[in-house]
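# Survey of secondary and tertiary structure
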Amino acid sequence: MPNESRSSKRKILKVKALLAMEGEDTIMARTADVGGDGLCLMVGKSLKQGAIGLVRFDLFQEGQVKSIAVRAAVQYCILSNGEYKVGFRFVNLELSAMASLARYLH
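Reading the values: the criteria
- Residues numbered from 1 in each chain as written.
- Predicted model: local features only at pLDDT ≥ 70, side-chain atom pairs only at ≥ 80, totals over all residues.
- Heavy atoms only, no water.
- Buried < 20%, exposed > 50% of the residue type's maximum accessible area, 1.4 Å probe, protein only.
- Helix = DSSP H or I, 4+ residues; strand = E, 2+ residues; numbered from the N terminus.
- Arc of directions from axis to C-beta.
- Contact = heavy atoms within 4.5 Å.
- Core = buried A, V, L, I, M, F, W, Y, C linked by side-chain atoms within 4.5 Å.
- Phe/Tyr/Trp six-rings, centres within 6.5 Å; stacked < 30°, edge-to-face > 60°.
- Lys NZ or Arg CZ within 6 Å of the ring centre and 35° of its normal.
- Polar contact = N/O pair within 3.5 Å; in protein donor to acceptor, adjacent residues only side chain to side chain.

## Quick notes on helix H1 (residues 95-105)
For H1, the complete set of buried residues consists of Ala97, Ser100, Leu101, Tyr104 and Leu105. The buried side chains of H1 occupy one side of the element, clustering within an arc of 130° when seen end-on. The exposed set on the far side of H1, more than 90 degrees from its buried face, consists of Leu95 and Ser96. On its buried side, H1 packs onto strand E1 (10-12), strand E3 (26-35), strand E5 (52-61), strand E6 (64-80) and strand E7 (83-91).

## Looking at the nonpolar core
One finds Leu41, Val55, Phe57 and Phe88 to be the most contacted residues of the largest nonpolar core, which totals 26 residues. Looking at this core, the elements that each hand over two or more residues are strand E2 (16-21), E3, strand E4 (38-43), E5, E6, E7 and H1. If we ignore the near neighbours within four places in the chain, the residues touching Leu41 are Ala17, Leu19, Ala29, Arg30, Thr31, Val55, Tyr84, Lys85, Val86 and Phe88.

## Quick word on the packing of aromatic side chains
The way to describe two aromatic rings as a pair is by their centre distance and the angle between their planes. What the rule picks out here adds up to 0 aromatic pairs. Positioned above the aromatic ring of Tyr104, the side-chain terminus of Lys11 is 4.5 Å from the ring centre.

## Focus on the side chain of Asp33
You can see Asp33 is positioned in strand E3. Residue Asp33 is classed as buried on the basis of its relative accessible area of 14%. There is a polar contact of 3.0 Å between the side chain of Asp33 and the side chain of Arg10.

## Points about the side chain of Thr31
Note that Thr31 resides in strand E3. Apart from residues no more than four positions distant in its own chain, Thr31 is found in contact with Leu13, Lys14, Val15, Ala17, Leu39, Cys40, Leu41 and Phe57.

## Structural notes on the environment of Leu101
With respect to the element layout, Leu101 can be found in helix H1. Of the residues examined, Leu101 reaches a relative accessible area of 1% and is grouped as buried. Between the C-alpha atom of Leu101 and that of Gly82, which follows or precedes it by 19 residues, the distance is 29 Å.

See below:
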């Protein structure tokens, strides 16, 4: 089981996402949860710990769609029910994304 190193609480978020790992094609993913320091995605392939990628997903807030694009590093990757559950830690989170995530989490 992965070592739990979350420093913020998580909130369930089940939306479609796009994942572009450095040097690879963009793939479809689904979010499982999100927190102030990272998120969990369900993807169809294994990802290497430490790899960096760009994750894009939408948050629905106050009747509006907020598009989020964040750089994130793979913390763990485990096979779960035929998919890979991948934990990401945000890297250099932009202020606008940080503000949108903070509103969603509270």
